[in-house]
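Report on the structure
Chain residues, written in single-letter form:
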Amino acid sequence: MKEVFYFPEEESPNKILAILVAILGIFSLILPIKVSLLVGAFMMNYPHMIIPYGSLALIITSVLLSTLTGVLQVFLFLSWNNAIRKNIENTKLLFQLSLETISNDKKESLKAFLSRLSELELATWAFWAYTVIYIISLISGIGFKIILNVIAFVFLAIYLQSLFSISSELSMLKNTAYSYFLERPALLPKVKERNIILVALFSVITFTLYWLYLMVKLTYELHDFIEEDKILRKHVITVLKRK
C-alpha cells in the first residue's frame, strides 16, 4: 500500500523570501524620495551644475533596487502558484486512490468532492501574462512603462482574485473531506478570501505598504495551510490503509 499512496513532494511558499521582498520594497519606497529631495535641493541651489556623482549613484541604486524587488516578487508569486497547484493535484490523487478502498455507499460523496476539485483552476495564464508584461516594462521608457504597469496590474489582479477564492474554497473542501475520513473535525489553517478591489485601494492609500504586508501575510497563510495539510493527509492515508 505504501507505493499506492505516494504523493509528489509539495514545497510551501518561502517565508524568508516574502520578508526579503517586503524589506526591499520598503527601501524601494524610501530611496526614491531621498533621491528626489537631494536632487531637488541641489538643482535649486546649483541650477546650472551637473548632478553630482553621489546623486547619480543613488538614482541608479534606486532603479536597481526596484528592479530586484520586482523580480523577487515574481518568484514569490510563482511559489504561491506552484504550492496551490501541486496541493490540488495531490488532493485529487488522494481522493481518486481512496475510491478503491472505501465502501460503495460513500463513493458518491467522494466523487462529488473530486468533481468540485476538478473545477478549481488557478488563473495561471494571468500570472504569466503579468510576468511577461512586467519584464517588458523593465526595459521600456517612462511613458510606455506606466501603461505597461497598469496592464500588468490588471492581470495580477485577476490572478490574485483567483488565488484568494480558490485557496479559501480548497481549505473548506478539505476540512469537510478530511472530517469525513477521520470521523472527527479537521480544521486546516484558513487562507482568507480577500476583495482585490479593496486590496488595490488600500495599497494605493498606503503607498504600497499594505501590499507589502499582504504579501508576507498571504505567504504565511499558504505556508501554514500546506504544512498542516501534509500532516492531515498522512492521518487520512493511515485510516485508509486500515480498510
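Above this text is the structure in question.
So, here is what we can say about the structure in this document. (Residues numbered from 1 in each chain as written. Predicted model: local features only at pLDDT ≥ 70, side-chain atom pairs only at ≥ 80, totals over all residues. Heavy atoms only, no water.)

Side note on the nonpolar core
Worth spelling out the cut-off: For this analysis, a nonpolar core means a set of buried residues of the types Ala, Val, Leu, Ile, Met, Phe, Trp, Tyr and Cys, connected via side-chain atoms within 4.5 Å. To sort residues, take the accessible area from a 1.4 Å probe on protein chains only and compare it with the maximum for the residue type: under 20% means buried, over 50% means exposed, and anything in between is partly exposed. In this description a helix means any DSSP run of H or I spanning at least four residues, a strand means any run of E spanning at least two, and both kinds are numbered starting from the N terminus. Two residues qualify as a contact provided that any one of their heavy atoms is within 4.5 Å of a heavy atom in the partner residue.
Counting 64 residues, the largest nonpolar core has Phe77, Trp80, Phe95 and Tyr159 as its most contacted members. Where this core is concerned, the elements lending two or more residues are helix H1 (15-45), helix H2 (53-98), helix H3 (104-118), helix H4 (124-138), helix H5 (142-182), helix H6 (196-205) and helix H7 (209-241). When residues in this core are grouped by element, the largest group, 15 residues, is from H5. Setting aside residues no more than four positions away along its own chain, phenylalanine 95 makes contact with Leu110, Phe113, Leu114, Leu117, Ala177 and Phe181.

Focus on the environment of tryptophan 128
With respect to the helices and strands, tryptophan 128 occurs in helix H4. Separated by 54 residues in the primary sequence, tryptophan 128 and valine 74 have C-alpha atoms spaced 9.6 Å apart.

A short note on the packing of H5 against H7
The following threshold applies: Only the stretch in contact is used when fitting a helix axis, every axis being a line fitted to C-alpha atoms; angles between N-to-C directions are given from 0 to 180 degrees. Note on terminology: angles under 35 degrees are roughly parallel, angles over 145 are roughly antiparallel, angles of 65 to 115 are roughly perpendicular, and the others are oblique. For any pair of crossing helices, the crossing counts as left-handed if the nearer helix is rotated counterclockwise from the farther one by less than a right angle, and right-handed if it is rotated clockwise. Amino acids are sorted into nonpolar (Ala, Val, Leu, Ile, Met, Phe, Trp, Tyr, Cys and Pro), charged (Asp, Glu, Lys and Arg) and polar (every other residue, Gly among them).
It is at 11 Å that the axes of H5 and H7 come closest, and there the two elements cross at 25 degrees. Comparing their axes, H7 and H5 come out roughly parallel. Here H5 and H7 pass one another in a crossing that is left-handed. Between H5 and H7, the residues in contact are Leu156, Leu160, Leu163, Phe164, Ser167, Leu170, Ser171, Lys174, Tyr178, Phe181 and Leu182 and Trp211, Leu214, Leu218, Leu222, Phe225, Asp229, Leu232, Arg233, His235, Val236, Val239 and Leu240, respectively. Of the residues assigned to the contact of H5 with H7, the class counts are 17 nonpolar, three polar and three charged.

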